[in-house]
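Survey of secondary and tertiary structure
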Amino acid sequence: MITCNKNRIQNKIETFAKFGGTDKGGITRFALSKEDLQARDEFARRMKNVGANIVTDDMANVYATIPGSEKGLPSIVMASHTDSVKNGGNYDGIMGVIGAMEVLETIVNNKIPHRHSITAMIWTNEEGSLYPPAMTSSGVICGKFDKAEVLASKSPDGKTFGEALLESGYVGDEANRLNPRDYMAMLELHIEQGPVLEAENKQIGVVEGVVGMVNYRIKTHGQTGHAGTVPMSFRRDALLAATSAIRYFHDEFGKLERDLVYTTGEIFCHPCIHTCIPGFVDFSLDARHKDPSVIKQVVDIIEGIPKELDKCKVSYEMRWKRNTVSFSEEIINCIQKSVDAYGYTYKRMYSGAGHDAQYVAEMLPTGMVFVPSKRGHSHCELEHTPLEDCWRGINVLLLAVLEIDQKDRI
């Protein structure tokens, strides 16, 4: 059974970790930053060395392609991202790029016959850390975002995404975009970013789709006052009301499906002075589940919250939502066949995190492969996936690509 090269994989992991490496062993590599361009240059250099043709599109996505033996057949693409969150880890996104590179290198070095052209791809600005929204370029290409609005997105220092694109040197022709005419399928290898595979002692996640979600802002409106002079019975403390609201949501959501997850990750408190009673609080509420009926129950609970808590007015606003995305059964079956051929243990699962693959799934037959995340750590410097797990995931990616290669179209 053909397998990829562990030493090459380790070398790639160590090399890319240098581009934006932090003192604590993580990575800060914002999209189109100097560090991200270094990673892209390294990708292009290595792919040219194996004979791949490199092109870019108008969103600075990078495509490295080795030709197939039969002209006219669409390409098979493997794609992920090189950018990271601030103080993130060395596996999120980049593992999918490393895996795609290693698959191409394995095919070329072992002279493995393949009918279709095979492409390793880098998506631009998946994280959206400097230039929101997340999954920027896949969103534009798949018709989810307006390009002009995305180009106007600004980083905290005032630079627009459009300016960063032009400065990158990676802007190419719109005609080079991923499309359903020239490509037949997309695969994305990714770390799980959660603890499930490790906890259940599974080596591979066969991803069936990405769960639906809703994102709300909840606001509590009280009255600012002096911390020392306003008696407790007179107070309209917006932060107290916000904690009551959060407790309300947790109590009510806890009565729903066990797999529902919900998070308050961002809180703005005004005036945020230690000698003042908070007069206004605005917090986020993120809830995710694969069953649309459960998401509807979540929405009903959010929009049914009491209009007043702790003498403060309560309001809500839906910011955005996404429906559950199911991946191609035929691609899932190819991945499953690959997993079975190696004899790896596996779990069929949905992704709770968003990925470029979820947008592409509406354009092309798409699938994902997960590898375990040590202790579930991700988007932090503790993020780690052992080499053996990375190697297994890339082996599955390789064999799945070769399985898809036997088909003319999906």
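Rules used in this analysis
- Residues numbered from 1 in each chain as written.
- Predicted model: local features only at pLDDT ≥ 70, side-chain atom pairs only at ≥ 80, totals over all residues.
- Heavy atoms only, no water.
- Helix = DSSP H or I, 4+ residues; strand = E, 2+ residues; numbered from the N terminus.
- Expected span 1.5 Å × (residues − 1).
- Buried < 20%, exposed > 50% of the residue type's maximum accessible area, 1.4 Å probe, protein only.
- Arc of directions from axis to C-beta.
- Contact = heavy atoms within 4.5 Å.
- Polar contact = N/O pair within 3.5 Å; in protein donor to acceptor, adjacent residues only side chain to side chain.
- Salt bridge = Lys/Arg side-chain N within 4 Å of Asp/Glu carboxyl O.
- Phe/Tyr/Trp six-rings, centres within 6.5 Å; stacked < 30°, edge-to-face > 60°.
- Lys NZ or Arg CZ within 6 Å of the ring centre and 35° of its normal.
- Pairing = 2+ DSSP bridges.
- Axes fitted to C-alpha atoms, helices over the stretch in contact; angles between N-to-C directions.
- Left-handed = near helix turned anticlockwise from the far one by under 90°.
- Nonpolar A, V, L, I, M, F, W, Y, C, P; charged D, E, K, R; others polar.

On to helix α8 (residues 238-253). Look at α8: 22 Å from first C-alpha to last across 16 residues, which is about the 22 Å you get at 1.5 Å a residue. Residues of α8 that are buried: A238, A241, A242, A245, F249 and F253. The buried residues of α8 all sit within an arc of 105 degrees when viewed along its axis, so they share a single face. At its buried positions, α8 is contacted by β7 (212-221), β9 (261-263), β12 (280-289), α9 (292-303), β13 (308-309) and β14 (312-322). The backbone nitrogen of L239 lies 2.9 Å from a side-chain oxygen of the residue at the head of α8, namely D237.

Scanning the entire structure with this criterion turns up 30 salt bridges. A salt bridge links R177 to D58; the shortest N-O distance between them is 2.8 Å. Placement of R177 in the loop between α6 (161-168) and β5 (183-191) and of D58 in the loop between β1 (53-56) and β2 (62-66) is noted, with a sequence separation of 119 residues between them. A relative accessible area of 7% means that D58 is categorised as buried. Through salt bridges with shared partners, a single network forms among K6, E388, D389 and R392.

In this section: the environment of I305. Along the polypeptide, I305 turns up in the loop between α9 and β13. Sequence separation between I305 and F249 is 56 residues; the distance between their C-alpha atoms is 8.3 Å. Ignoring sequence-local partners within four residues, the contact set of I305 consists of A245, Y248, F249, V314 and Y316.

Our focus in this paragraph is the packing of aromatic side chains. One pair of aromatic rings is described through two measures. These are the centre distance and the angle between the planes. Tallied over the entire structure, the rule returns nine aromatic pairs. A centroid spacing of 6.0 Å and a plane angle of 85 degrees characterise the contact between F16 and F19, whose relative ring orientation is edge-to-face. Note on Y342 and Y344: the rings are 5.1 Å apart at their centroids and 10 degrees apart in plane angle, and the pair reads as stacked. Taking the relative accessible area as the measure of exposure, Y344 reaches 11% and is therefore buried. Note that K6 overlies the ring of W391, its terminal NZ or CZ placed 4.4 Å from the centroid. The cationic tip of R40 hangs over the ring face of Y170; the distance from NZ or CZ to the ring centre is 5.3 Å.

Burial within β12 is extensive, with eight of its 10 residues counted as buried. Relative to β12, β7 runs antiparallel, the two being bridged by 10 bridges. Bridge pairing in β12 links V214 to A287. When β9 meets β12, the two strands line up antiparallel, connected through three bridges. Bridge pairing in β12 links T263 to D286. Here strand β10 (residues 267-270) runs beside β12; their pairing, made up of four bridges, is antiparallel. Looking at the pairing, F268 lines up with D282 of β12.

In this section: the packing of α8 against α9. Look at α8 against α9: their axes get within 10 Å of each other, and the N-to-C directions meet at 145 degrees. Handedness of the crossing formed by α8 with α9: right-handed. In this structure, α8 uses Y248, F249, E252 and F253 to contact α9, whose residues at the interface are V298, I301 and I302. The class makeup of the residues in the contact of α8 with α9 is six nonpolar, no polar and one charged.

Among the nine residues of β5, nine are classified as buried, and the element is accordingly described as predominantly covered. Pairing analysis gives four bridges linking strand β3 (residues 75-81) to β5, with the strands arranged parallel. Looking at β5, one finds that V77 is bridged to M186. The pairing of β5 with strand β17 (residues 366-371) spans six bridges and is parallel.

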